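Structure at a glance
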Amino acid sequence: MARPNQARLDLGALRHNLGIARELAPHSNVMAVVKANGYGHGAVAIARELESLADALAVACIEEALELREAGIKTPILLLEGVFQARELGTASEQGFWVTIDNDLQLRWLEEAVLPRSLQCWLKIDTGMHRLGVQPEQAGATFQRLKNCDNALDELVLYTHFASADELDNSLTQDQLDVFDTACRDLPALRSAANSPGLLGWPASHHDWVRPGYMLYGNSPFQGPHPVADRLKPVMTLTSAIISLRDVAAGESVGYGATWTARRPSRIATVTIGYGDGYPRLATNGTPVLVNGRRAPLAGRVSMDMITVDVTDLPGAAIGDEVVLWGKDLPVGEVARHAGTIGYELTTRMPARTPRIVVAE
C-alpha cells in the first residue's frame, strides 16, 4: 500500500484564482507564471490547465520552457531571465519563446545572431529592485536598438518588477511606478509591472500585461487579511496520515534533540511526512496541522520522514486518520511563518518524492 503523503491539486481552484486576476485587471492581458515547476505544483499539469485560459505563460529559463513545449503546450512562453548563452537564442526562435532583454550582452547576442525567425522581446527596466534590467536612463537607447534589430519583432513590451508590493504601506512601490512611467513615457510599447501583490493591491500597476504567479496557486502574498486575496482558493493541499500513537508521561521528551517536553500526560501521534517530503524542518513546536479537520500542534523536531503531533485534546484520533499540513483551512503562509520562511519557499521546494495528485477539476 502506498505511503499516504501526497500533494492534492484542485484545478478548479486554479481556474477560480485566474478568474480573480481577470476580474481585477479586465483590460490587461494575463501572463501566468509557472516557473519553478509551477511553484512546486507540477508545471506541466498547471500549464495544461492554464493554456487556454491565459494569454501567455512565464518561466525562469529555457529548460523550463522546453519541458512545456515537449508536453505539447503551444501557448507563448516568456523567459523571465532571458538567455544565458547566445546559442539559446536559436532554440528560442525555433520554439517561439519570448525573451527578456536584461543587459547589453544579451542585446548584443540578439543583434549578432542568425535566427530562423524574429523574437518577441520584453525589455526589463530596473526601477529599484536592482536585480535585473537596464537602468531607466538607458531605456530609450536600448529600446531604439531593439527597434533597429531585425531579430526583434516590432512590437516590444517594457516591464519591471516590484521589490515591496506585498507591503501595502511601503512607498517604494509607488516610487518604482513613477520611475517606470517616466522611463516609458516617450516609448511606443506595451507595458507590464504587476506581479501578484501588484495585481491585488496596486491597481495603477496593471498596465497592458499582468503577471500573476503566487496568487494563482491560491496563496496570499500579504501578511495580514486582504479583501481580495482572502477570496483565493488554495490549489495544493498537502496531506498525510497518522501511522502510530503513544502516551507520553509528563516530563518526557519527544523527537530528536528532545526539543519538546510534555507538561501533562500527553497523547502523541506520529505522521508519515517530513523534510524529505517538503515539510519544513525549521517548523517550530506548536506549528498547527489539521487532524480530521481539527487543529493540533507540532510536538518535537521535524524528522526526514516523520513528524510528531500532540493530539491530547483530540481523544478520537486514530491510526489512519488524515492529517493536513497546509491547504484548505490552513494557509501555507501560516505554516511558513512558524518555520521562519514564506509560503513561496514551502511549495517550490516540494520534492518529487511527494506525489502530486489531481483530486478536483
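Details of the structure are given in the entry above.
Glancing now at the sheet that holds strand β8 (residues 190–194). With parallel pairing, eight strands are arranged side by side around a closed barrel as β2-β3-β4-β5-β6-β7-β8-β9. The pairing of strand β7 (residues 157–159) with β8 spans three bridges and is classified as parallel. Its bridge partner being in β8, Val 157 is matched across the sheet by Leu 190.

This brings us to the packing of helix α6 (residues 104–112) against helix α7 (residues 139–148). Describing two packed helices takes the angle between their axes plus the distance from one axis to the other. Axis separation between α6 and α7 bottoms out at 10 Å; the angle between their running directions is 15 degrees. It follows that α6 is roughly parallel to α7 by the angle criterion. Seen along the crossing, α6 lies across α7 with a hand that is left-handed. Facing Asp 104, Leu 107, Arg 108, Leu 110 and Glu 111 of α6, the residues of α7 in contact are Thr 142, Arg 145 and Leu 146. Residue composition of the contact of α6 with α7, by class: three nonpolar, one polar and four charged.

Now for the pairing of strand β13 (residues 266–271). Walk down a regular strand and you will see the side chains alternate between the two sheet faces. With five of six residues buried, β13 is to be regarded as a mostly interior element. Looking at chain direction, strand β10 (residues 236–248) and β13 are connected through six bridges and run antiparallel. In the strand pairing of β13, Ile 242 is matched with Val 271. As defined by bridge partners, β13 adjoins strand β16 (residues 307–310) across four bridges and the pair is classed as antiparallel. Of the residues in β16, the one forming a bridge with Val 271 is Ile 307.

Going through the model one piece at a time under the given rule, you end up with nine aromatic pairs. With a centroid separation of 4.9 Å and an interplanar angle of 25 degrees, the aromatic rings of Tyr 39 and Tyr 217 are classed as stacked. Of this pair, Tyr 39 sits in helix α2 (residues 35–39) while Tyr 217 is found in the loop between β9 (209–210) and β10, placing the two residues 178 residues apart along the sequence. Taking 3.6 Å as the distance between ring centres and 10 degrees as the angle between the ring planes, the aromatic pair formed by Tyr 214 and Tyr 344 counts as stacked. Of this pair, Tyr 214 sits in the loop between β9 and β10 while Tyr 344 is found in helix α11 (residues 343–348), placing the two residues 130 residues apart along the sequence. Its relative accessible area of 2% is what places Tyr 214 among the buried residues. In this structure Tyr 344 comes out as partly exposed when scored by relative accessible area, which is 27%. An aromatic cluster of at least three residues, connected via ring pairs, comprises Tyr 39, Tyr 214, Tyr 217 and Tyr 344.

Here we take up empty space enclosed by the protein. In the structure shown here, the tally under the stated rule is one cavity of 30 Å³ or more. The space that makes up the largest cavity amounts to roughly 60 Å³. Around the largest cavity, the lining residues are His 41, Tyr 217, Asn 219, Pro 234, Val 235, Met 236, Trp 326, Gly 327, Leu 330, Pro 331, Val 332 and Thr 347. Residue composition of the lining of the largest cavity, grouped by class: eight nonpolar, four polar and no charged.

Right, let's talk about the environment of Met 215 for a bit. When you line up the elements, Met 215 lands in the loop between β9 and β10. Taking relative accessible area as the criterion, Met 215 reaches 0% and is therefore assigned buried. With sequence-adjacent residues up to four places away left out, Met 215 is seen in contact with Asn 17, Ile 20, Ala 21, Ser 196, Leu 199, Leu 200 and Leu 232.

In terms of nonpolar packing, the biggest core is built from 115 residues, with Leu 57, Leu 68, Leu 110, Tyr 279 and Ile 307 touching the most fellow members. Ranked by the residues each element gives to this core, the list is headed by helix α1 (residues 11–24), at six residues. Excluding residues that lie within four positions of it along the chain, Tyr 279 makes contacts with Gly 274, Thr 287, Val 289, Leu 298, Val 302, Ile 307, Leu 325, Trp 326 and Val 335. Core analysis: the next-biggest nonpolar cluster, separate from the first, contains six residues, Val 248, Val 254, Ala 262 and Ile 268 among them.

A few words on the layout of surface pockets. The rolling of a water-molecule-sized probe over the atoms marks out the regions of remaining empty space. Considered as a void within the structure, the largest pocket measures approximately 1200 Å³ in volume. In this structure, the largest pocket is lined by 49 residues; those nearest its centre are Ser 196, Pro 197, Tyr 214, Pro 221 and Tyr 344. Residue assignment for the lining of the largest pocket shows that the elements contributing at least two residues are α2, α9 (196–201), α10 (332–338) and α11. Among the elements that take part in the lining of the largest pocket, α10 stands out by supplying four residues, more than any other.

The next point concerns α1. With 14 residues, α1 extends 20 Å between its outermost C-alpha atoms, agreeing within 8% with the 20 Å of an ideal straight helix rising 1.5 Å per residue. Within the sequence span of α1, burial applies to Leu 11, Ala 13, Leu 14, Asn 17, Leu 18, Ile 20 and Ala 21. Viewed along the axis of α1, the buried residues span an arc of 165 degrees, placing them on a single side of the element. Next to the buried residues of α1 lie β1 (6–10), β2 (29–33), α3 (43–50), α9 and β18 (356–360). N-cap assignment for α1: the residue whose side-chain oxygen lies 3.0 Å from the backbone N of Gly 12 is Asp 10.

A few words now on the pairing of β2. Of all five residues making up β2, four are buried, and the element is well covered by its neighbours. Across two bridges, β2 lies against β9 in parallel orientation. Pairing of Asn 29 across the sheet is with Trp 209, part of β9. In this sheet, strand β3 (residues 56–59) lies alongside β2 in parallel orientation, the contact comprising three bridges.

Calculation criteria
The residue count restarts for each chain, going from 1 along the sequence in the order it is written. Residue-level local features of this predicted model are given only where pLDDT is at least 70; pairs of side-chain atoms are given and counted only at 80 or more, and the full residue set underlies all totals for whole chains, interfaces and linings. Side-chain calculation: all heavy atoms of the structure are included, whereas hydrogens and water are not. Note on pairing: two strands pair once DSSP finds at least 2 bridges between them. Helix and strand assignments follow DSSP, with helices taken as H or I runs no shorter than four residues and strands as E runs no shorter than two, numbered in order from the N terminus. Axis lines are fitted through C-alpha atoms, for helices just across the contact stretch, and the angle between N-to-C directions can take any value from 0 to 180 degrees. In these notes the angle categories are as follows: under 35 degrees is roughly parallel, over 145 is roughly antiparallel, 65 to 115 is roughly perpendicular, and the rest is oblique. Two helices cross in a left-handed way if the nearer one is turned anticlockwise from the farther one by less than a right angle. They cross in a right-handed way if the turn is clockwise. Two residues qualify as a contact provided that any one of their heavy atoms is within 4.5 Å of a heavy atom in the partner residue. Three classes are used: nonpolar for Ala, Val, Leu, Ile, Met, Phe, Trp, Tyr, Cys and Pro, charged for Asp, Glu, Lys and Arg, and polar for all others, with Gly counted as polar. In this scheme, a residue with accessible area under 20% of its type's maximum is buried, one over 50% is exposed, and one in between is partly exposed, where area comes from a 1.4 Å probe on protein chains only. Pairs were defined over the aromatic rings of Phe, Tyr and Trp, the Trp ring being its six-membered one, requiring ring centres within 6.5 Å. Orientation was assigned from the angle between planes: stacked under 30 degrees, edge-to-face over 60, tilted for the rest. Cavity and pocket criteria rest on a 1 Å grid covering protein atoms alone: a 1.4 Å probe that fits but cannot get out defines a cavity, protein on both sides within 12 Å along at least 5 of 7 lines defines an open pocket, and an atom within 4 Å of a point defines a lining residue. Grid points are joined across faces, edges and corners, and a volume is the space filled by probe spheres set on the points. Definition of nonpolar core: a set of buried residues of the types Ala, Val, Leu, Ile, Met, Phe, Trp, Tyr and Cys, connected through side-chain atoms within 4.5 Å. To estimate the expected span of a helix, count its residues, drop one, and scale the result by 1.5 Å. Comment: arc refers to directions from the helix axis out to C-beta atoms. Throughout this description, a polar contact denotes any pair of N or O atoms lying within 3.5 Å of each other; where both atoms belong to protein, one of them has to be capable of donating a hydrogen while the other can accept it, and for residues adjacent in sequence the pair is counted only when both atoms sit in side chains.

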